[in-house]
Amino acid sequence: MRYTKEEILRIVEEEDVSFVRLQFVDVFGKLKNVAVTAAELPRALAGEVMIDGSSIDGFAAASDSDRYLVPDLSTFAVYPWRPSRGKVARLMCDICQGDGAPFGGDSRQVLQRVCDRAAAQGITMQVGPECEFFLFHTDEEGRPTMNTTDQAGYFDIYPLDQGENVRREVVLALETLGFQVECSHHENAPGQHEIDFKYAPAMEAADNILTFQLAVKTLAQRNGLHATFMPKPMAGRAGSGMHLNFTLHRDGKNLFYDGAAEQGLSKEARGFIAGVMAHIGGITAVTNPLVNSYKRLVPGFEAPCFTSWSFGNRTALMRIPMAKPGQIRVELRSPDCCGNPYLALAVCLAAGLDGIERGLEAPPELKADPASLTPEERAALGVRPLPGNLQEALCALEQDELLLDVLGEHIAEAYLSGKRREWEDYRGQVSEWERRRYMVAY
């Protein structure tokens, strides 16, 4: 909903809102905020609240660190999980330099540039996320343990599903915030859950992902549990992903649908698939940004490991779910929830648009599980492996000129530098697995 400044001030007074959080993300997608009182809100709405960019990794040097928060008025919302008196609201913010120019480290504006590029062609982009997470018990000091809340599996219900109450609270909170939640259920692994919310314009979808994560973590903590979006918290169990469902529209029509084409899949949809697959190495560095992300992308757990697409095969990287005519969407199954949602959606959508604009041809549909084929069979079909670790993904991103241009020089440099430090830190660690395997044997 598009609010005016006057409407926001009126709601704050009528709803007894005491604090408004001006929220933004760093380059890596970590949610940050500056809280202002209701009395200071007019100044905040005028874009006069300043932050020290040098205090945020990848933002700015101390010699030139002043940055201003410019609220997006359409994102105003009152948090339903805060006190009934002295309520707390939020506004998502863009970040500008002192002279009002866009800040190169603002990832929200990266996504906006991709949306503007599509809009120039009359295209609007819709995204529907499917977000998975785990709930774990905490110890006496409130720290997370590895004990899950249940031993349930796919679609189980109470009493097997011990996380049902938390999911219900999250869904009700999201609906109060204006989300249209399509479904929620227990996932494959013990303690694992999924909540899907309805597709929305790309920018709104990215904002929604951050709000969803905050709601899950907050309400889990209130119930004495710890929620994590870590992609693979337990070896030998399914990991948590964030499947992204994309559609493009022009003049109110779904560009991915063509009633005269095979199974209704248009040439634009095939071009979108081809574009994402052409850039998937670099995309993966953004959509799967942790060392741990690549421990989910292994065979045997319905997580994609290779570049293939299919109408129904859940082992494929990209899937066309069953849908009514005119409602076709393209589902990308590799991303997880731990990245920067603005950057993740930006690189995916830019790659898809690139495939459409260049008329790229998607390879033939692969109905088999790519992992069941021999390397020679995969090579003959043009099926490539996804990056096997964070380092491989970063190398692919560094060589992808389109994606580097989408990110912009500031974010590309800060992101690659920060993630390489993370990889090098990981390489220097010695795991319990290594000690068990090698200490005695060698």
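Residues numbered from 1 in each chain as written. Predicted model: local features only at pLDDT ≥ 70, side-chain atom pairs only at ≥ 80, totals over all residues. Heavy atoms only, no water.

This next bit is on the overall build of the chain. Along its length, the chain carries 13 helices and 17 strands. Taken over the C-alpha trace, the chain has a radius of gyration of 22 Å; the compact-globule value for 442 residues is 22 Å, and the two agree within 12%. Relative to its 442 residues, the chain shows a buried fraction of 53%. Of the contacts made within the chain by residues no fewer than 6 positions apart, 69% connect residues no fewer than 24 positions apart. Here the chain contributes 45 positively and 61 negatively charged side chains, and the mean placements of these two sets differ by 3 Å. (Helix = DSSP H or I, 4+ residues; strand = E, 2+ residues; numbered from the N terminus. Rg over C-alpha atoms; globule rule 2.2 N^0.38 Å. Buried < 20%, exposed > 50% of the residue type's maximum accessible area, 1.4 Å probe, protein only. Contact = heavy atoms within 4.5 Å. Lys, Arg positive; Asp, Glu negative; His and termini not counted. Charge placed at Lys NZ, Arg CZ, Asp CG, Glu CD.)

Of note, serine 293 is situated in the loop between α7 (280-287) and β15 (309-310). What makes serine 293 buried here is its relative accessible area of 0%. Reaching out from serine 293, the side chain makes a polar contact with the side chain of aspartate 336 at a distance of 2.8 Å. Apart from residues no more than four positions distant in its own chain, serine 293 is found in contact with Pro231, Asn288 and Asp336. (Polar contact = N/O pair within 3.5 Å; in protein donor to acceptor, adjacent residues only side chain to side chain.)

Moving on: the pairing of strand β7 (residues 123-138). Counting buried residues in β7 gives 13 out of 16 residues, a clear majority hidden from the surface. Examined bridge by bridge, β7 and strand β11 (residues 200-201) share two bridges and lie antiparallel to one another. Each bridged residue has a counterpart across the sheet, and for valine 127 the counterpart in β11 is alanine 200. Here β7 pairs with strand β10 (residues 192-197) via five bridges, running antiparallel. By the bridge assignment for β10, phenylalanine 133 is matched with histidine 193. Sheet topology places β7 next to strand β8 (residues 144-148); two bridges connect them, and they run antiparallel. When the sheet's bridge partners are listed, threonine 138 is paired in β8 with proline 144. (Pairing = 2+ DSSP bridges.)

Applying the stated criterion across every chain yields a total of 17 aromatic pairs. Centre to centre, the rings of phenylalanine 59 and phenylalanine 103 are 5.2 Å apart; their planes meet at 75°, and the pair counts as edge-to-face. A residue pair is termed long-range when its members are at least 10 positions apart, and phenylalanine 59 in the loop between β3 (49-52) and β4 (66-71) and phenylalanine 103 in the loop between β6 (87-96) and α3 (107-119) qualify at 44 residues. The class of phenylalanine 59 is buried, set by a relative accessible area of 2%. Judged by relative accessible area, phenylalanine 103 falls into the buried class, the value being 3%. Relative to tyrosine 426, the ring of tryptophan 423 has its centre 5.6 Å away and its plane inclined at 40°; by these criteria the two rings are tilted. Taken as a pair, tryptophan 423 and tyrosine 426 lie in helix α12 (residues 409-427) at a separation of three residues, close to a single helical turn. Feature note: the residues Phe133, Phe179, Phe197, Phe212 and Phe229 constitute an aromatic cluster, connected by ring pairs. Above the face of the phenylalanine 301 ring, lysine 232 is positioned so that its terminal group lies 3.7 Å from the ring centre. (Phe/Tyr/Trp six-rings, centres within 6.5 Å; stacked < 30°, edge-to-face > 60°. Lys NZ or Arg CZ within 6 Å of the ring centre and 35° of its normal.)

Below, the discussion takes up α12. Taking 1.5 Å per residue, 19 residues should reach 27 Å; α12 reaches 27 Å between its end C-alpha atoms and fits that length. Tucked into the core, α12 has its buried residues touching α3, α7, α8 (341-357), α10 (390-398) and α11 (401-407). (Expected span 1.5 Å × (residues − 1).)

Now for unusual backbone geometry. Backbone geometry places aspartate 16, a non-glycine residue, at a positive phi of 60°. Within the secondary structure layout, aspartate 16 lies in the loop between α1 (5-14) and β1 (17-25). Residue class for aspartate 16 comes out partly exposed when judged on its relative accessible area of 33%.

Within the structure shown, the criterion is met by zero disulfides. Free cysteine: cysteine 338, not disulfide-bonded; nearest cysteine sulfur from cysteine 337 at 6.8 Å. Cysteine 338 sits in the partly exposed class, given a relative accessible area of 22%. (Disulfide = S-S within 2.5 Å.)

Let's shift gears to a nonpolar patch on the surface. Together, Trp433, Tyr438 and Tyr442 line one region of the surface with nonpolar side chains, adding up to about 420 Å² of accessible area. Within the element layout of this structure, tyrosine 438 appears in helix α13 (residues 432-438). (Patch = residues over 30% accessible without salt bridge, like charges linked within 9 Å, V, L, I, M, F, W, Y side chains within 5 Å. Areas by Shrake-Rupley, 256 points an atom, 1.4 Å probe, with all protein chains shown as cover. Salt bridge = Lys/Arg side-chain N within 4 Å of Asp/Glu carboxyl O.)

With that settled, the discussion passes to the packing of helix α4 (residues 164-176) against helix α5 (residues 202-222). Interhelical geometry of α4 versus α5 gives an angle of 135° and a closest axis separation of 9 Å. Overall, the two elements α4 and α5 adopt an arrangement that is oblique. Viewed along their axes, α4 and α5 form a crossing whose handedness is right-handed. Judged by residue contacts, Val166, Glu169, Val170, Ala173 and Leu174 of α4 engage Phe212, Ala215, Val216, Leu219 and Ala220 from α5. Grouping the constituent residues of the contact of α4 with α5 by class yields nine nonpolar, no polar and one charged. (Axes fitted to C-alpha atoms, helices over the stretch in contact; angles between N-to-C directions. Parallel < 35°, antiparallel > 145°, perpendicular 65-115°, else oblique. Left-handed = near helix turned anticlockwise from the far one by under 90°. Nonpolar A, V, L, I, M, F, W, Y, C, P; charged D, E, K, R; others polar.)

What follows covers the packing of α7 against α10. One way to put it is that α7 packs onto α10 with a least axis distance of 7 Å and a crossing angle of 120°. In terms of orientation, α7 and α10 fall into the oblique class. In terms of crossing hand, the pair formed by α7 and α10 is left-handed. Of α10, the residues touching α7 (which contributes Gly281, Gly282, Thr284, Ala285 and Val286) are Ala393, Leu394, Ala396 and Leu397. Residue classes in the contact of α7 with α10 are distributed as six nonpolar, three polar and no charged.

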